[in-house]
Amino acid sequence: MLKKLTICLALLAGAGACTNDFEEINVNPNAPSNVPVDYLLGQSQLLLTGSASGPASKAWRANFGYAACLIQQMSSIDATFYKGSFYTFLGEINSAFFDNSYTYAVKSMVNLIEVAKQDPKNVNVLSMARIIKVMEFSRTTDLYGDIPYFEAGKGFIDGNFSPKYDAQQAIYMDMLKELEEAGKAFDAAQYIPKAADYIYGGDLDKWKRAANSLMLRLAMRMQKVDPANAELWAKRAIDGGLIAGNTETIAVKFANTGAEINSNPNSWILGPSGSNITNIPNAGVQWAKTLIDMMKERQDPRLPVISMIKGGDNSIAKQRGLPNATDATGLSKLDEKNLDNYSRPATGVIGIALPWIYMSYAETQLLKAEAIERGWVTGNAKAAFQEGQSAALGQMSWANATISGTDIAAYAAKNPYPEAGTLAAKMNAIHTEVYLLSASTFNHIEGWANWRRTGYPVLTPVNYLGNDTNGQIPRRLRYPLSEEGINPNFKTAIERQGADVFMTRIWWDKQ
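Structure report, in brief. This one's a predicted model, so the numbers in the text were calculated from it and none came from an experiment.

What counts, and where the lines are drawn
Residues numbered from 1 in each chain as written. Predicted model: local features only at pLDDT ≥ 70, side-chain atom pairs only at ≥ 80, totals over all residues. Heavy atoms only, no water. Helix = DSSP H or I, 4+ residues; strand = E, 2+ residues; numbered from the N terminus. Axes fitted to C-alpha atoms, helices over the stretch in contact; angles between N-to-C directions. Parallel < 35°, antiparallel > 145°, perpendicular 65-115°, else oblique. Left-handed = near helix turned anticlockwise from the far one by under 90°. Contact = heavy atoms within 4.5 Å. 1 Å grid on protein atoms, 1.4 Å probe; cavity = no way out; pocket = protein on both sides within 12 Å on 5 of 7 lines; lining within 4 Å. Points joined across faces, edges and corners; volume = space filled by probe spheres on them. Nonpolar A, V, L, I, M, F, W, Y, C, P; charged D, E, K, R; others polar. Salt bridge = Lys/Arg side-chain N within 4 Å of Asp/Glu carboxyl O. Buried < 20%, exposed > 50% of the residue type's maximum accessible area, 1.4 Å probe, protein only. Core = buried A, V, L, I, M, F, W, Y, C linked by side-chain atoms within 4.5 Å.

Here the focus is unusual backbone geometry. Cis geometry marks the peptide bond from Tyr 456 to Pro 457; its omega dihedral reads -5°. Within the secondary structure layout, Pro 457 lies in the loop between helix H20 (444–454) and helix H21 (483–486).

All right, on to the packing of helix H6 (residues 96–116) against helix H7 (residues 123–144) then. Where H6 meets H7, the axes come as close as 10 Å, and the angle between the chain directions of the two elements is 160°. Our classification of the angle between H6 and H7 gives roughly antiparallel. In terms of crossing hand, the pair formed by H6 and H7 is left-handed. Here Ala 96, Phe 97, Phe 98, Ser 101, Tyr 102, Ala 105, Val 106, Met 109, Val 110, Leu 112, Ile 113 and Ala 116 of H6 lie close against H7, whose contacting residues are Val 125, Leu 126, Ala 129, Arg 130, Ile 132, Lys 133, Glu 136, Phe 137, Arg 139, Thr 140, Leu 143 and Tyr 144.

What follows covers empty space enclosed by the protein. A full pass over the atoms with the stated rule returns 5 cavities of 30 Å³ or more. Of the residues that constitute the lining of the largest cavity, the class distribution is 10 nonpolar, 4 polar and 3 charged.

Attention now goes to the pattern of salt bridges. Going through the model one piece at a time under the given rule, you end up with 33 salt bridges. Ionic pairing is found between Asp 146 and Arg 496, a salt bridge with its closest N-O pair at 2.7 Å. Note that Asp 146 is positioned in the loop between H7 and strand S2 (147–148) and Arg 496 in helix H22 (residues 490–497), a separation of 350 residues in sequence. Overall, Asp 146 belongs to the buried group, its relative accessible area being 4%. A residue is classified by how much of its surface remains accessible, and Arg 496, at 40% relative accessible area, is partly exposed.

Another aspect to go through is the nonpolar core. Phe 64, Met 74, Ile 131, Ile 250, Val 349, Phe 442 and Trp 448 are the most contacted members of the largest nonpolar core, which has 154 residues in total. Sequence-distant contacts of Val 349, defined by excluding residues within four places in its chain, comprise Ser 267, Val 305, Ile 306, Leu 354, Met 396, Trp 398, Ala 399 and Phe 442. Judged by nonpolar contacts, the second largest core, of 5 residues, contains Ile 77, Leu 322, Leu 331 and Leu 339.

Okay, structure coming up:
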């Protein structure tokens, strides 16, 4: 499927059309007759992952360099690059997601929406585009806080190259509205872009459930700051119907062509087909001690699936996590001084043709359990938790691994739902599972956001000499250094949100 569009999509990523008339299209991007919506849709989905614009910005720098290390799912001794492990700042790493998103993904998605809405027959493309746009912006705002949203990506449409920074609260309200409207607008009687849809292959019912599932995630994010709206939208999402199983996990599917644009960007960065950062001597990234110790203590059967030491040994006894804030000097003081004997992502979970997971069925069930416990919807919280817990293990089939029913049952018995416990105990159980789920699917950006919202699992911060947070886990990324000089509206965000530092909490991140 992806093979057929590879050449066109590669050109689209740089020029906006699969045609030789690049200069004309660049001057007049509002000529939709030259750009089939299928190509724009496929391009937008690939740009969501980062694969069509170079995965280093989103996967390497944001997902691994900061998020994974900040919440102690990954670690590195390279203090010059993996800043999340040391709570320090480097402009090009910190701003990478922001810069990549607005340079590529946002422009493509906004353009797709403008093109698709001009013809009623493209209502399904339009709905998919609106949902994808929410997927992109929700991550950007969760990373940075207030961002350009309503006016973003329209420079070549309305000439506004300095979009205003919008309050995150307003962004969230609009994203929820977009998900609801887009989900309801799907029409099986109109054109369905099956070949260009790398998420569901044009299955509109799955798209409707995906919209509700994303709505649930956003609703739960507002739990502390706006509980009334959080309850309203969580109930609306659950009543509308969530994705129905692991086969409906929201994920972009890739083809195994060996080309970067056709490859899972996380795998491209981690594995030997691309940057191979799990095997760079003294400058790579490995699983963190916090994660490995937690999985061992919980007897998590995913451990030998996702982890191995150099050479391929995935035996549980051999797995050893690298402590965060350990630089080269710190490593020399540990009992184990050879990085080859520390755990790294196993070969089976970094294949370039594996799906890029954005939101799993397991997460929807775990969030549903929380909503039930908070009294927002009716249902059996324990049953929802157990379904999410089981699905999280069962879904490792995405990496061509099978965890047996016996092992799943043993894990559930070892880590039961505290049905008679306090709400805090239940939240700890639920969100420890979300934490492990995000780690095992390389969805570290989501893991960091969920940890900031809930505080679970409880993590012990590091206090690396010279860190920028006084030894506290950062609450956001800083804006790109260039924004202050490029966009005069930048100051509005600072005045409204607070100082542009790691410890300034974004709108929904309340204590």
